Amino acid sequence: EEATVATNKMLKGLEVSSAEAKQEGDQVAGIKAKCEEDATRISAEKASCANDLAKAQPFVDEANAAIDSIKPAHIGEIKKLSNPSDIIKLVFDCVLILFRLPLARVKTTKVTMAKTEIPWFEPSFKQALQMMSSSNFLSQLVEFGNTGKDRINDETIEFLSVYIDIEQFNPGVAKNASTAAEGLCTYVRAMKFYHEASKIVKPKMEALAIAENQMEAANAALEAAEARLSACTDKLAELQRMFDDQMAKKKSIEEGAMVLQKKMNQASALIDGLAGERTRWAEDAKNFGEQKKRLVGDCAIACAFVSYCGPFNQQFRDYLINDKFTADCEARSVPVTRNLDVISFLADVATIGDWNMQGLPTDPLSTQNGILVTKSTRFPLLVDPQGQALNWILNKEKDNLPTWNGQSVVNLSDPKLKDKLEYCMGDGKSLVVVGVEDEIDPMLDPVLEKEIIRKGSKMFISVSDKVMDYDPNFRLYFISRLPNPSFSPELQAKTTLIDFTVTQKGLEEQLLGKVIGKEQKALEEQLTQVLEEVNANTKSLMQLDASLLERLTSNSGDLLEDDQLVSVLAGTKAKAAEVNAKLVAADEARSSIAEKREQFRPAATRGSVLYFSIVEMSLVNVMYQTSLDQFLELFMGSMDKADKATLASKRVSNIVETMTYMTYRYTNRGLYESDKLTFVMLVTMKVLIAAERLRSSDLTLFLRGGAALDITSVRRKPFQWMSNEVWLNIMQLSQSSEFYANLVHDMTANESTWKRWYENNEPEQMAIPDYEEKLSDQSDVGPFLKLLLVRCMRVDRSILMCKEFLRNTKEMGPEYVEPVTDTIESVYDGMVPEVPVIFLLSRGADPTDSIETLCRKKRLPAPTVISLGEGQEPVAIKAINAGVINGNSVLLQNCELGLGLMNELESMIEKLKDSMHPDFRLFLTALPHPEFPLGLLQMATKVTNEPPAGLKAGLLRSYTPGVTVDQDKLERVETAQWRQLLYVLCHLHSTVQERRKFGPLGWNIPYEYNTSDLQSCISFLERHLYAGPISWSTFQYMVSAVQYGGKITDSLDVRLFKTYAETRLAETCCDDEAVIPSFAEHTDYRKFIEQFPDEDSPETFGLHPNADLTYRLNEANALFRTMSDTQPKGSGSGGGVSREDVVYDKASELLGRLPSEYAEDEFKSKIRKQGGLSVPLNIFLFQEIERFQVVLSKVRFSLVQLQLAIKGEVVLTPELEETLSAIFDARVPHLWENTLTGDEFSWRSPSLGLWFTSLLSRNDQYRSWLDNGRPKSFWLAGFFNPAGLLTAMKQEVTRQRNKAGERVALNDMVYVSEVMNVNKEKVKASPEEGIYVHGLSLEGGGFSRRESCLVESEAKVLHVELPIVLISAMSRKKAAAHRRKQGPLYACPIYKYPSRTDRYLITSIDLPAGESDNSHWTLRGVAALCNTT
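Q: Any details on unusual backbone geometry? Residues and values, ideally.
A: The backbone of asparagine 1317 sits at a positive phi, close to 65°, despite the residue not being glycine. Relative accessible area serves as the criterion here: at 27%, asparagine 1317 is assigned to the partly exposed category. Phi angles above zero are rare outside glycine, and serine 1348 is one such case at about 55°. Positionally, serine 1348 belongs in the loop between strand E20 (1342-1344) and strand E21 (1349-1351).

Q: Can you lay out the packing of helix H47 (residues 1176-1207) against helix H50 (residues 1248-1268) for me, pointing to particular residues and giving the numbers?
A: Closest axis-to-axis distance for the H47/H50 pair is 11 Å, and the angle between their directions is 140°. Taken together, H47 and H50 sit at an angle that is classed as oblique. The two elements H47 and H50 cross, and the hand of that crossing is left-handed. On H50, the residues touching Leu1177, Phe1180, Leu1181, Glu1184, Ile1185, Phe1188, Val1191, Leu1192 and Val1195 of H47 are Trp1251, Leu1255, Arg1258, Asn1259, Tyr1262, Trp1265 and Leu1266.

Q: Can you tell me about the sheet that holds strand E26 (residues 1423-1425), naming the residues and giving the values?
A: Across the sheet, which stays open at both edges, the five strands sit in the order E22-E19-E26-E24-E25 with mixed pairing between neighbours. The open sheet is flanked by strand E22 (1359-1361) and strand E25 (1401-1408), the only strands paired with a single partner. In this sheet, adjacent strand axes meet at a mean angle of 35° when their direction is disregarded. As paired strands, strand E24 (residues 1385-1391) and E25 are joined by seven bridges and run antiparallel to one another. Counterpart to proline 1389 in the pairing with E25 is serine 1404.

Q: Describe the packing of helix H31 (residues 798-808) against helix H44 (residues 1106-1125), with residues and values.
A: Put simply, H31 and H44 touch, their axes get as near as 8 Å, and they point 60° apart. As judged from the angle between their axes, H31 and H44 are oblique. In this structure, H31 contributes Ser798, Ile799, Leu800 and Cys802 to the contact, and H44 contributes Arg1112, Glu1115, Ala1116, Leu1119 and Phe1120.

Q: Tell me what's going on with the nonpolar core, and back it up with residues and numbers.
A: Within soluble globular proteins, side chains that are nonpolar generally end up buried alongside one another. The biggest cluster of nonpolar side chains holds 115 residues, and the ones touching the most others in it are Phe702 and Leu892. Of the residues forming this core, the biggest block, nine residues, is contributed by helix H24 (residues 673-690). Those residues in contact with leucine 892 that sit more than four places away from it in its chain are Ile866, Ala876, Ile880, Leu901, Met902, Leu922, Phe923, Leu924 and Thr925. Ranked by size, the runner-up nonpolar core spans 72 residues in total, among them Leu1177, Leu1255, Leu1285 and Cys1426.

Q: An account of the environment of glutamate 509 is needed here, citing residue identities and associated values.
A: Looking at the secondary structure, you find glutamate 509 in helix H18 (residues 504-519). Considering only alpha carbons, one finds glutamate 509 and aspartate 363, 146 residues apart in sequence, at a separation of 8.2 Å. For glutamate 509, the residues in contact, after removing those within four places along its chain, are Thr362, Arg597 and Arg601.

Q: Any chance you could break down helix H41 (residues 1032-1043) for me, citing the residues and the numbers?
A: Three or more residues of H41 are buried, namely Trp1032, Phe1035, Gln1036, Met1038, Val1039 and Ser1040. Considered in projection along H41, the buried side chains sweep an arc of 170° and stay on one side of the axis. For H41, the exposed residues set more than 90 degrees away from the buried face come down to Ser1033 and Tyr1037. The inward-facing, buried residues of H41 contact helix H39 (976-994), helix H40 (1011-1027) and helix H42 (1051-1064).

Q: Describe the pattern of salt bridges, and please don't skip the residues or the numbers.
A: Applying the stated rule across the entire model yields 47 salt bridges. Between glutamate 508 and arginine 601 there is a salt bridge, with its nearest N and O atoms 2.7 Å apart. Of this pair, glutamate 508 sits in helix H18 while arginine 601 sits in helix H21 (residues 601-617), and the two are 93 residues apart along the sequence. Neither residue differs from the other here; glutamate 508 and arginine 601 are each classed as buried.

Q: Can you lay out the environment of proline 72 for me, pointing to particular residues and giving the numbers?
A: By secondary structure assignment, the location of proline 72 is in helix H2 (residues 72-80). Classification of proline 72 as exposed rests on a relative accessible area of 59%. For the pair proline 72 and methionine 132, spaced 60 residues apart in sequence, the C-alpha separation works out to 9.8 Å.

Q: Provide a residue-level description of a negative patch on the surface, including the pertinent values.
A: Among the surface-exposed residues, Glu437, Asp438, Glu439 and Asp441 lie close enough to one another that they form a single negatively charged patch. Turning to its location among the elements, aspartate 441 is positioned in the loop between strand E5 (430-434) and helix H16 (445-448).

Q: Got a sec to walk through the packing of aromatic side chains? Specific residues and values, please.
A: This model, assessed by the stated rule, comprises 61 aromatic pairs. With 4.8 Å between their ring centres and 20° between their planes, tryptophan 120 and phenylalanine 121 make a pair best called stacked. For tryptophan 120, a relative accessible area of 11% corresponds to the buried category. Phenylalanine 121 sits in the partly exposed class, given a relative accessible area of 24%.

Q: Tell me about the confidence of the model for the protein, and name the residues and values.
A: Detailed reading of the predicted model is not advised wherever pLDDT is low. Looking at the protein, pLDDT values average 85 and 91% of them are 70 or higher. A low-confidence stretch, residues 1131-1135 (pLDDT under 50), is modelled with seven contacts involving residues beyond four sequence positions or located in other chains.

Q: Could you give an account of the side chain of aspartate 384, with specific residues and numbers?
A: Examined against the element boundaries, aspartate 384 turns out to sit in the loop between strand E3 (380-383) and helix H14 (388-396). One buried charged residue, aspartate 384, forms no salt bridge at all, with the nearest opposite charge on arginine 481 at 8.5 Å. Polar side-chain contacts of aspartate 384 include one of 2.9 Å to the backbone nitrogen of glutamine 388. When residues no more than four places from it in sequence are discounted, the contact partners of aspartate 384 are Ala389, Leu390, Ile479, Ser480, Arg481 and Phe500.

Q: Quick one: what's the story with the pairing of strand E17 (residues 1309-1315), residue by residue and with numbers?
A: Across the seven residues that make up E17, a large majority, six, are buried. With seven bridges connecting them, E17 and strand E23 (residues 1365-1371) associate as antiparallel partners. Bridge assignment links serine 1313 to a residue of E23, and that residue is isoleucine 1367.

Calculation notes
Residues numbered from 1 in each chain as written. Predicted model: local features only at pLDDT ≥ 70, side-chain atom pairs only at ≥ 80, totals over all residues. Heavy atoms only, no water. Buried < 20%, exposed > 50% of the residue type's maximum accessible area, 1.4 Å probe, protein only. Helix = DSSP H or I, 4+ residues; strand = E, 2+ residues; numbered from the N terminus. Axes fitted to C-alpha atoms, helices over the stretch in contact; angles between N-to-C directions. Parallel < 35°, antiparallel > 145°, perpendicular 65-115°, else oblique. Left-handed = near helix turned anticlockwise from the far one by under 90°. Contact = heavy atoms within 4.5 Å. Pairing = 2+ DSSP bridges. Core = buried A, V, L, I, M, F, W, Y, C linked by side-chain atoms within 4.5 Å. Arc of directions from axis to C-beta. Salt bridge = Lys/Arg side-chain N within 4 Å of Asp/Glu carboxyl O. Patch = residues over 30% accessible without salt bridge, like charges linked within 9 Å, V, L, I, M, F, W, Y side chains within 5 Å. Areas by Shrake-Rupley, 256 points an atom, 1.4 Å probe, with all protein chains shown as cover. Lys, Arg positive; Asp, Glu negative; His and termini not counted. Charge placed at Lys NZ, Arg CZ, Asp CG, Glu CD. Phe/Tyr/Trp six-rings, centres within 6.5 Å; stacked < 30°, edge-to-face > 60°. pLDDT = per-residue confidence, 0-100. Polar contact = N/O pair within 3.5 Å; in protein donor to acceptor, adjacent residues only side chain to side chain.

Listed below in structure tokens is the structure:
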């Protein structure tokens, strides 16, 4: 304020002085303005004069030039002329006039110029001569030109004009007379013209002289005024300086105040600008302390995730992170975040968005895989069966990938791999290596282990003794297409193994995008645009946030003094608001788009289910490989073929139906007949589970039934008409299904009705007691619930019920169970040159004839057929190269024998693809082989080529012209017997082939009988008939023992075929022409055969009708096993009980029930009390207990180890992993049944429950034998070596006979047997000789206790328990006599298991044959079994 007062006071004084100075300045300014005005006017006048003078100046210059051209000599010449020409005289007259000298008196005369005579007056040449006589004449002319010219008056000019106006008076004419005359003429004329021009300038010049004088006076006055003004100005400047000093002081004070105000404003702006972040930052600041404490633990978990979690699926990764890594940190008192989200911890939203735009699927597992690829310090090894990872890597690294002949990837087997590695590693490029199988070339180990050598600033790696440059920007990716490769631990340690197998949810999202892209392209493009905008805006927001934080943290001074910070903050806030608004709008757009996209999700869901069903079929057979690209082609094609519809829901329904059926047809033609129903059932179950109409546990129940239960640990069976297996199934069904929770009660209350339903031949066609109406009300799952019940109670009808279930399930339909046939024509029509067709071979099938016939029909060149084997690969390659050029087909047979070529075939096709002839086709035939190249299978179309099943189809094939029998063959021998026997042989051939389908009941070993066997028999018969009458014994022997018998290795199969020959190839076989026709025409035979039924009765093959039941049971069990093999083995998820928990609890239960160990000292002591080890049966018992103890120890150890492994305390070895899977699936672990070499370790059993029940029963028998003495009757199935029991018995009997005085040798003793017709409970004492055995079941026939002989089986009774059997030993002679006394006997083999091989054959027992002969029971396949399952 003081400064302001002083300044104002000084300002008043300054104002007075300023007024005075201003008044003086105004006066000076007025004078100065007048002077400046005059100066301007005078300057203008002066310029005007100068301009006019400039116009006259040329005349002066011309005159001067003319004078300069005249020399004194020229004048002298004129002087000498006595009478010069007239032009000279006239020129000098003009000079006299200019000088105002006297002229001669005027006298008229005539003058001649330019030959022109002109009237004139007398020239004054004499006067001129006087003038020229002056020595200064020329100087006078020059002087006159400089000064005298301005004194010329008008009179002079008037005189001159008379001369000058004469036309001939010009310099040119004068020049002819004299040079001096020319110059003077020019001079005179110039003087005249100058005068005329100067007449205008002269007045102006005079006025200008006056004005300049006046200007000099005014300037003097101005100088005086300016002197006065200068004095005033100096005084004013002093005052101004003082004022400025005062103002500076004042301004300094004001600026300080303004700075303070600005800081206050900036502080307000900062507070206002950061107000939006205040809450978040305050919360963050509050959490930073806790986060900082947990950071070490979180980083440890993240490191563990990157290091160890790559090979695992999503559920197990979550389990490791949340249950293992986190728990370990907490146990070590390391603070850690519970349920840490490793995705948000290791990657930001913008980066993930970039990955998604580059092709990485959006599901969490794929995002985690992206993190593993980018964050790991080890080079990644990607398991990528579907090619998703390769696609993403190529997009991600596209700017850093090298190119070799258009290829951006290199195969691991590439011979130039080392050179390409050197180039990429030196230039910092990315190298993508494909074709990795189970191992990586050791040459790459130094690169994998990053054995970097540093020399100065450069880095090197030595690869195969060659030092290569290493750029830190180098990236290396290994990609394997194998779905389940076996990498060594060493390789996994050198690389980061990452499972990129597509997930069902991830594939669903991709398929949804493809559906929308096809059906609603604009919608998908809009979504893509929205996602790009969201990603860009999110990145922008993050950058703004980071920029703001950087400004705040990097500022080292006062924040209030940072003007740029405030502007950045304001801009950031505005931009953030704009970006947030865009993000909100984008979210709304995404929600809107997502709502529309969801209409098409059912199509994507179904596609995902179908693809994973196809993938899981590869677990059934390694040849069932289908690539994702192949499926996507089907998927996209289904949308083209599906019916159009206006409503989106109807359109989606049409797509789903078309897609499902197209996929079924495509996959179905590449499946063996036995697996076709499995695939459709698998698809249906997955569809129902995906639709949440079924649970995974329902499928498990369908597949396992009651296999996990033990008959001794469940409620006692109340029904005698029901088997134990069915009862266990019912108990499991009532426990696992809410719908059937009261099933046992309902069956008990209505037993008779349930029994009738159970015993009906077609129970699936009958109404289910007590549940039919309930099932009808369950429209969605009713068919499945009915299937469950039929599967549990009538396993033999399960296949038929599965087909009924498929027919009645609305998602499928009848078309999925109706037989379909893919002809070779349809296969060919769908082929393209670059995609080969692989025919999967089976017994008796060869597509060669069909392919050759097709080529002939289409008038194509015959295919080049090459059977692969040793040395045939070069031939095949040559044929392919020729076919590619010429356009003919190539057929490679038995490709499983040429795996080397098969491994190269995929790359060969890829190279030749662009140059292939459009008619080229490549056919391959192969039997399934575990090492068949995956890539070739995935790129090829698979087709199965199975011969038609059934006796009718077999006979028709035999009677197909060109195959076996044609008209020519019928006419080879002109007898009816020949034609009949030809038919009999064909019938027998089809019979022995079709009998294989009944399994061990048909043939102990399924032999490969083929057409060549039949043709050999026909050739022998033809030659034999030519030689004379037929010898039936010879004919039978040649057929049964030589032609077919040469393949038969099992003695009982030899007996069976011999029986066939004796019964079918007998002399009486040709008696009944109604059965064995003798048509003369080939077509009549075919017509006769075509009348055969499609379904063969088992009796046609000599089997009991129950064999069909056995066949159906085998079919059903095969279906259950196959579907079980396809089920995932991962941990449980979704909040339910995990797989590991189920197995852990089951292991605890089994350990609790496991018998105690056998102490060797104790059981040896008990054996000694019974006679010691000198008794053969005691030795047998000792050996059995020893072996049983080994089994007990192994089971106990593996269960304990399994529990420890589940808890994570020991390593989960492959053996323990198999044990875990087996127990979960209610199967017996492999190592419990088998040794490492595959030999039998314990005993075979189809389910864990039955195996464990057997273990307990065996233990009871051993304990009872030790504690109570030798059993009265032995449970033969309860021994490891039942044949050893019989051998020991034979030894004891032999000793007894020798003691009795009968001299017999052990090797002369043979077994004899007798059925005692009593049950074991009624046995009071052991026999005097031999032993009683029980627990044998008869298969293929029944046993009548009343008649004590073999009889036909009862309907649907597959196994009949035999009464107690006495088995003893006699000498061969006595044994033969003993058998003769008993009458017709059937030598019934005893097998340990239903699998009837020599390995499990124990012995044979004699059973009375009854009314039928031995051949009848031989064809029936009657045998006794220790175990029926």
